[in-house]
Amino acid sequence: MSKGKKKDSQAKKVTRREFIKTTACAGVAMTVPGIFNLLSKSAYAQSSKKTLRVVAIPHPKITPGQMTSGPAANVVGCIYDYLFRLEGKEQNFTYSLAESTEHSSDMTQWTFKLREKVKFHHGTEFTADDVIFTVNRYFDKTVASPMRAMFEHIDKIEKKDRYLVRFLLKRPDPDFLLKFLEYNTAMLAHDYDYNQFGNTKPSGTGAYKVVNMTPGQRVYMERNPDYFIRGFPKVDNLEFILIQEPQTQLMTVEAGQADIMTWVPFDFLSRSRQNPELTLQGLPTSFHAPISMRCDQPPFNDNRVRQAMKLVVDRKMMVQTTVAGYGEVANDDFIWPKSILYNDIGIKERNIDNAKELLSKAGYPKGLDVEIHCESNKPPVMDVVLTFQQMAKPAGINVQIVGVTTDIYYAKYWLKAPVTCTSWGHRENPLDLLIQTVKTGVPWNEGHYSNPDLDKMLADALVEVDLKKRKEIVKKIQLLLSEEGPSVVPFFYNLFTVTRKRVAGFQQTRNFVNDYRFVEIV
Amino acid sequence: MLPYIFKRAVSIIISLLVASIIIFVIVQILPGDVAQMILGQYQTPETLHQLRESLGLYDPFYVRYVRWISGILKGDLGISLSITGCRIADLLLDRSRNSLLLAACASLFVIPISLLIGTIAGLKRDTWVDKMVSLTTMVAISLPEFASGIFFILIFSLTFKLLPAMSNIDTNVDLLRQFPMLILPILTLSLVILGYIARMTRASVIEVSSSNYVRTAVLMGLPTSNVIVKHILRNALLPSITVIAMNMGWLIGGIVVVESVFAFPGLGSLLLYGVMQRDVPLIQASVLFAAAAYMILNFVADLLYLFLNPRLRNP
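As the structure is a computational prediction, the values presented were derived from the model and not from experiment.

Parameters at a glance
Residues numbered from 1 in each chain as written. Chains lettered and ligands numbered in written order. Predicted model: local features only at pLDDT ≥ 70, side-chain atom pairs only at ≥ 80, totals over all residues. Core = buried A, V, L, I, M, F, W, Y, C linked by C-beta atoms within 7 Å. Buried ≥ 20, exposed ≤ 12 C-beta atoms within 10 Å, placed from the backbone. Helix = DSSP H or I, 4+ residues; strand = E, 2+ residues; numbered from the N terminus. Contact = placed C-beta atoms within 7 Å. Pairing = 2+ DSSP bridges. Axes fitted to C-alpha atoms, helices over the stretch in contact; angles between N-to-C directions. pLDDT = per-residue confidence, 0-100. Parallel < 35°, antiparallel > 145°, perpendicular 65-115°, else oblique. Left-handed = near helix turned anticlockwise from the far one by under 90°. Nonpolar A, V, L, I, M, F, W, Y, C, P; charged D, E, K, R; others polar.

### Let's talk about the nonpolar core
(1) Moving on: Residues Val-75, Val-76, Leu-114, Met-187, Ala-308 and Val-312 of chain A together with Leu-251 of chain B are the most contacted members of the largest nonpolar core, which totals 194 residues.
(2) Moving on: The greatest single-element share of this core, amounting to 13 residues, is contributed by helix 8 (residues 180-209) of chain B.
(3) Moving on: Excluding residues that lie within four positions of it along the chain, Leu-114 of chain A makes contacts with Leu-97, Ala-98, Glu-99, Phe-126, Thr-127, Ala-128, Val-131, Tyr-163 and Val-165 of chain A.
(4) Moving on: Core analysis: the second largest hydrophobic core is formed by 5 residues, Val-208, Val-227, Ile-232 and Ala-236 of chain B among them.

Written out as structure tokens, the structure is:
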């Protein structure tokens, strides 16, 4: 063999070591996709048709009557039930644990006929004793219930028979039934120790029973086979996965590890809409973020300054920039346009020249420095304040924003700072909101506003049983608040839920008590 | 050795006591009132007074401290104010178990890799291998963990649907089945730690490689592998132990960001939740627990150092 040919054959010869190395590398490379394939098919990754998974924020308390957080009702509404509910896309008032109601002509007596043969999870039957226990508990000082103020006008509760209970009120209340739509008014059993077990082993009449609860992490429930609506709920198991961060919540749904996310922030709406695996559901509500000014100290004790602050706002633009257009403009009067008590009194247009003139007459010709304290971690509060800051500049109102977390805000600035911006939840009855916020001396009067005329009108509206007359009184209230009220209320905004396509029948509600009873997994 | 161990143990106890005072003072001077935070918007003067009384907030500062510390010494860390009805000791045990699991998995994965990379970079100093390693580790250190975490989720969970996005493990379910949930947080944490350990190892290897005894070993004709393993690595890996111990402490109590991104139920997310809810007993207990973990791990690292380096046993 020639030297050239010998060299070629040596060059072509593969050693045993090289062969083993190459084969091993190829083998490893081939198994990598296989490993990933195995991972994706692991028991964990598969979603079950029998379990509905909902992401929610961790909730400190879930005992009705003591809850201080609306989102906790997401969980509570599954375990417990209410005398009345809001159902369907139109959020119709529906009877639930109450079968029917009657009232006296002056609306000072309300009689509830209760649904029979409804059982609590621990076995006892729901009766009039439980309704009486639940409501009386609001007045128990050891419970420190936030519901107390709402039901203070109850004079007496009578048990007429096993399934009949009568409320005797100190004054007429045409809206008495609406009070039982509050998320804190779920019915409790009079023979169960909620002080000890309320947050760890709750017992209600709801569609789901708690199987196990890992505090701050997850709540796992199974369907209540004795639920009073036969054939429901449809889904066998319900799992709440508690996650603090909205970003992580949404990614969990996008990745298929959860099926439903409620309270979707506005920043995430377009991303959710573009995802073909998700369905976005919106609901108009009376949620709002007013900028409230203290009327008991300068400069806002001068109504001209308050009016100037209201006139700098372009309300339609603010709805676009802060809540992506998903809201309704408001006129600083706190009355939601979809409420039956609402009167259309027109919407204030932005008017910088008028604002400057008012400030000048009030003694601030060169403008005004304003510090607004707000919750920085509760959308859309920060966006509202930032937008207001820019809108107010041309009028000479220089806004400094002090954004702090919710805990510091409520401890240090709420009700104290000269100007604050707070997130307020939905009220079915707008008068409930007004008596909590603008009536003289009430604990949540952010603007420290006091007007005897307004107090009288509120008192009259609360007890007026004729709807037409009521609307007329409310119209006067609207005009007064729009003109000289303590707050800039630029809009009301919607709430959003995201569900995966396999979920059908879910309905978000305005009062936080989301309805999982009729949900199906397709 | 024993006197040293005894002395260190005593100093840890004193350090923990000092840490407990600092933690207590800092939590007490946080803005806002615990009772106001708990009741939130629903506070009234009567309910505030009632709650403050039940929490003992009217007692003097030192009485509250002594009550707290004596409870800890008896093993009673109190009841959580935010996760109502739960004993803090149970919560910490649960969460620290999860954190230890994640820390152990991340350590098992990243420590061998980073030691290997650092060693190779140190031995191949100033070559393209060294430069690649330096660049990679610099990027790994610079990248914030929330950014890398979200990036991994976007790629592996949302785009290729290979791994779960959320790591909210359920201790009632078989952990092996849930292991895929740990992969992304492990990768994220590994990226953070890789840089520190690899760079420390590289620097050590370079320093030891230029020492006289290594030169002697080479000149004596010892095989290269012998020189690397018996002479270089044995001495070069010692400083890395301290870095590893500190990172272990961080893995157990300090990975709040990663736990938030992945919803992992560890000590960090428990502490974050306690802070947001102004759950003072929970905050105090969690911070003290994390401080104790750091101190104990550093102590173990020092002992290991002593064990591996006989020169230090009898200074």
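### Re helix 13 (residues 267-276) of chain B
Residues and elements named next belong to chain B.
(1) Moving on: Most of helix 13 sits inside the fold, with 7 of its 10 residues counted as buried.
(2) Moving on: Taken together, the buried positions of helix 13 are occupied by Leu-267, Gly-268, Ser-269, Leu-270, Leu-271, Tyr-273 and Gly-274.
(3) Moving on: Along its buried surface, helix 13 packs onto helix 5 (88-123), helix 11 (238-253), helix 12 (256-262) and helix 14 (280-308).
(4) Moving on: Of the residues one or two after helix 13, Arg-278 is the one with positive phi, at around 50 degrees.

### Notes on the sheet that holds strand 13 (residues 291-293) of chain A
All names here are of chain A.
(1) Moving on: Here 5 strands make up an open sheet; going across it, the order is 16-15-17-13-18 and the pairing mixed. Unpaired on one side and paired on the other, strand 16 (397-404) and strand 18 (487-488) mark the two borders of the sheet.
(2) Moving on: Bridge analysis of strand 15 (residues 368-375) against strand 17 (residues 419-421) gives 3 bridges, and the strand direction is parallel. Its bridge partner lying in strand 17, His-373 is registered against Thr-420.
(3) Moving on: Helix 12 (residues 381-392) contacts strand 13, strand 15, strand 16 and strand 17 of the sheet and is inclined by roughly 165 degrees relative to strand 16.
(4) Moving on: Its contacts with the sheet put helix 13 (residues 406-413) on strand 15, strand 16 and strand 17, and the angle it makes with strand 15 is roughly 125 degrees.

### Points about the sheet that holds strand 4 (residues 98-103) of chain A
Residues and elements named next belong to chain A.
(1) Moving on: If you trace the 4 strands from one edge of the open sheet to the other, you get 4-5-7-6, paired in antiparallel fashion. The open sheet has two edge strands, strand 4 and strand 6 (154-161), and neither has a second partner. Taking each pair of neighbouring strands and ignoring which way they run, the sheet shows an average axis angle of 20 degrees.
(2) Moving on: Bridging between strand 6 and strand 7 (residues 164-169) involves 6 bridges; their strand directions are antiparallel. Paired with Glu-158 across the bridge in strand 7 is Arg-166.
(3) Moving on: Along the sheet, helix 4 (residues 128-137) makes contact with strand 5 (109-114), strand 6 and strand 7, crossing strand 6 at roughly 165 degrees.

### A short note on unusual backbone geometry
Residue and element names in this part refer to chain A.
(1) Moving on: In this chain, Phe-232 is followed by Pro-233 through a cis amide linkage whose omega measures 0 degrees.
(2) Moving on: Along the chain, the position of Pro-233 falls in the loop between strand 9 (218-223) and strand 10 (237-242).
(3) Moving on: That bond from Pro-379 to Pro-380 is cis: its omega, 0 degrees, falls within 30 degrees of zero.
(4) Moving on: As for its position among the elements, Pro-380 is in the loop between strand 15 and helix 12.
(5) Moving on: Positive phi outside glycine occurs at Met-107, with the angle close to 60 degrees.
(6) Moving on: Following the sequence through the fold, Met-107 ends up in the loop between strand 4 and strand 5.
(7) Moving on: Exposure remark for Met-107: the 17 C-beta atoms within 10 Å place this residue in the partly exposed category.

### A closer look at the confidence of the model for chain A
(1) Moving on: Within chain A, residue pLDDT values average 90, and 91% of them lie at 70 or more.
(2) Moving on: Long-range and interchain partners of residues 38-46 of chain A, a stretch whose pLDDT sits below 50, account for 16 contacts in this model, where long-range means more than four residues apart.

### Structural notes on the packing of helix 7 (residues 145-159) of chain B against helix 8 of chain B
Residue and element names in this part refer to chain B.
(1) Moving on: Axis separation between helix 7 and helix 8 bottoms out at 9 Å; the angle between their running directions is 140 degrees. The angle between helix 7 and helix 8 falls in the class oblique. Helix 7 and helix 8 meet at a crossing whose hand is right-handed. Residues Glu-145, Ser-148, Gly-149, Phe-152, Ile-153 and Phe-156 of helix 7 form the contact with helix 8, whose participating residues are Leu-184, Leu-187, Thr-188, Leu-191 and Val-192.
(2) Moving on: Residues belonging to the contact of helix 7 with helix 8 are distributed by class as follows: 7 nonpolar, 3 polar and 1 charged.

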